[in-house]
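Here is how the chains run, residue by residue.
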Amino acid sequence: MAGLTGLGLGLAGCAGFGGGDDEPEGGTVQLNMVWWGDAQRAAKTQAALDIFQRENAGITVKVEYQDSGPYKDKLATRFAAGDPPDVMAMRMDSLREYADRGALLDLSQHSGAVDLSGLSESARTLAAVGDKTYGAPAGLNALGFVVNKTLTDRFGVAVPDGDTWSWDDLAAFARDVTRASGRKVYGTHFDHATLANLIAFTRQHGEDFYTADGTLGASEATVAAWFELGNRMRTDGAFPPAGFIEDVGASAAQSYLAKGSIASQIIPTNNFLSYDEAAGGNLTLLRLPGETQGKRRGQSVDCPHLWSIAAASKHRDEALRLLNFLVNDVEAAKATGTTRGVPASTKIAEELKPTLAPEDQVATEYLTNLQKENLPRSFTYPPGSSKIQSSLESIATEVEFRRQTPQQAAKAFVDAGRKALGR
């Protein structure tokens, strides 16, 4: 999500948002729309908004965007000052906090204004808290497992069946790559400190990481199994040794997959194009291991962020009109492409697919097929979840360097998680 901002693209706003009260004269309604992203996303978003403004005389959209890091705090400052934006990118780990205090508009009360009928159940419920809906996905993604076939072909290692493989199959495959390459390439790596990965693994063990009522549903046994998996794979050489992987940010071009140091990893599917280009153009996209061996499916349909409307917006009708446009207009989808993932509307996604790059077509088909399956629901993140992510990052490091056993780490993590959620 991290990106560059404020590069002078002549947008109707600026990088770093501060307020939306400078209404234009002459009866024109000005909507204030804020989000995070880079200059490329800004240009594509503006292209869609230009279409909206041409089709909706009398409405202008003031756009303000910036890096993802400070976004959460700056949005909170706007609300605290009584000056919320009309339309905003809402983080999945922030939705419940804003919804619980009545700061967001309930779209279920405005179904005639925003048509969500084209969304799958998996997509519609992403912004649901109880029987209320507080946003619409700006795009859809999911976790996928990518394998660099150029490397596996070079070392003569067959890629497992991505629809049926297990975590043991992954471990054996990755170990074979490492051995065949003489440890010049490690078979795989996936981040044990990434919450989305652990959430999927937890579902495969029959548990919801976050439950419907906002509690921590992951057991110590499941979290310990997650850390044990990494330890085994590191011991066998399937994973690189402790300390090998350093934080290189969100750039696919700087990733170890692009460097050819590892042959496979978990990625968000909306990044498939960038990773494939960075890795030389021969990645294959598989489902997560363990989907047919677990107690239930672990994969789900998720989104990079939601579009939400402030309950206190002075221009509610116009904001609803903009949101409906972003969800249901095919020309808007063509303008933005997959910068925020696959369009949430399955109809729009199908219309957009032929216009996309081959890699984005693969990712779109992957998402479309997932939504036809019986997947577990993604429950909204409860307040305090950001502390859980921070806790996972520090504890995973302790396990990696063998300063804590998986069992010790699991107990520490679950205890910290319950404290963070106040449960």
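Nothing here was measured: the structure is a model prediction, and the numbers come from that model.

So, how was this worked out
Residues numbered from 1 in each chain as written. Predicted model: local features only at pLDDT ≥ 70, side-chain atom pairs only at ≥ 80, totals over all residues. Heavy atoms only, no water. Phe/Tyr/Trp six-rings, centres within 6.5 Å; stacked < 30°, edge-to-face > 60°. Helix = DSSP H or I, 4+ residues; strand = E, 2+ residues; numbered from the N terminus. Buried < 20%, exposed > 50% of the residue type's maximum accessible area, 1.4 Å probe, protein only. Lys NZ or Arg CZ within 6 Å of the ring centre and 35° of its normal. Core = buried A, V, L, I, M, F, W, Y, C linked by side-chain atoms within 4.5 Å. Salt bridge = Lys/Arg side-chain N within 4 Å of Asp/Glu carboxyl O.

### Focus on the packing of aromatic side chains
Note on aromatic pairs: each is described by the distance of the centres and the angle between the planes.
Here's step 1: Tallying each qualifying case throughout the model produces 17 aromatic pairs.
Here's step 2: Here Phe190 and Trp226 contribute two aromatic rings whose centre-to-centre distance is 5.7 Å and whose plane-to-plane angle is 40°, an arrangement assigned as tilted. On the criterion of sequence distance, the pair formed by Phe190 in the loop between helix H6 (167-180) and helix H7 (195-204) and Trp226 in helix H8 (residues 220-236) is long-range, its members being 36 residues apart. Side by side, Phe190 and Trp226 carry an identical accessibility label, which is buried.
Here's step 3: For the pair Phe201 and Trp226, a centre-to-centre distance of 5.0 Å together with 50° between the ring planes defines the contact as tilted. Of the two residues, Phe201 sits in helix H7 while Trp226 sits in helix H8, which places them 25 residues apart along the sequence. Per residue, the accessibility class of Phe201 equals that of Trp226, and both read buried.
Here's step 4: Each member of the aromatic cluster is reached from another via a ring pair, and the members are Phe145, Trp165, Trp167, Phe190, Phe201, Trp226 and Phe239.
Here's step 5: Taking the ring centre of Trp35 as reference, the NZ or CZ of Arg340 above it sits at 4.7 Å.

### Structural notes on the nonpolar core
Here's step 1: One finds Met88 and Leu322 to be the most contacted residues of the largest nonpolar core, which totals 75 residues.
Here's step 2: Ranked by size, the runner-up nonpolar core spans 48 residues in total, among them Ile199, Phe227, Ala396 and Ala420.

### Digging into the pattern of salt bridges
Here's step 1: This model, assessed by the stated rule, comprises 16 salt bridges.
Here's step 2: Where Asp83 meets Arg78, a salt bridge forms, and the shortest distance between an N and an O atom there is 3.4 Å.
Here's step 3: You can call Asp83 partly exposed: its relative accessible area is 21%.
Here's step 4: On the basis of relative accessible area, Arg78 is assigned to the buried category, the value being 3%.
Here's step 5: Between Arg101 and Glu97 there is a salt bridge whose closest N-O contact spans 3.7 Å.

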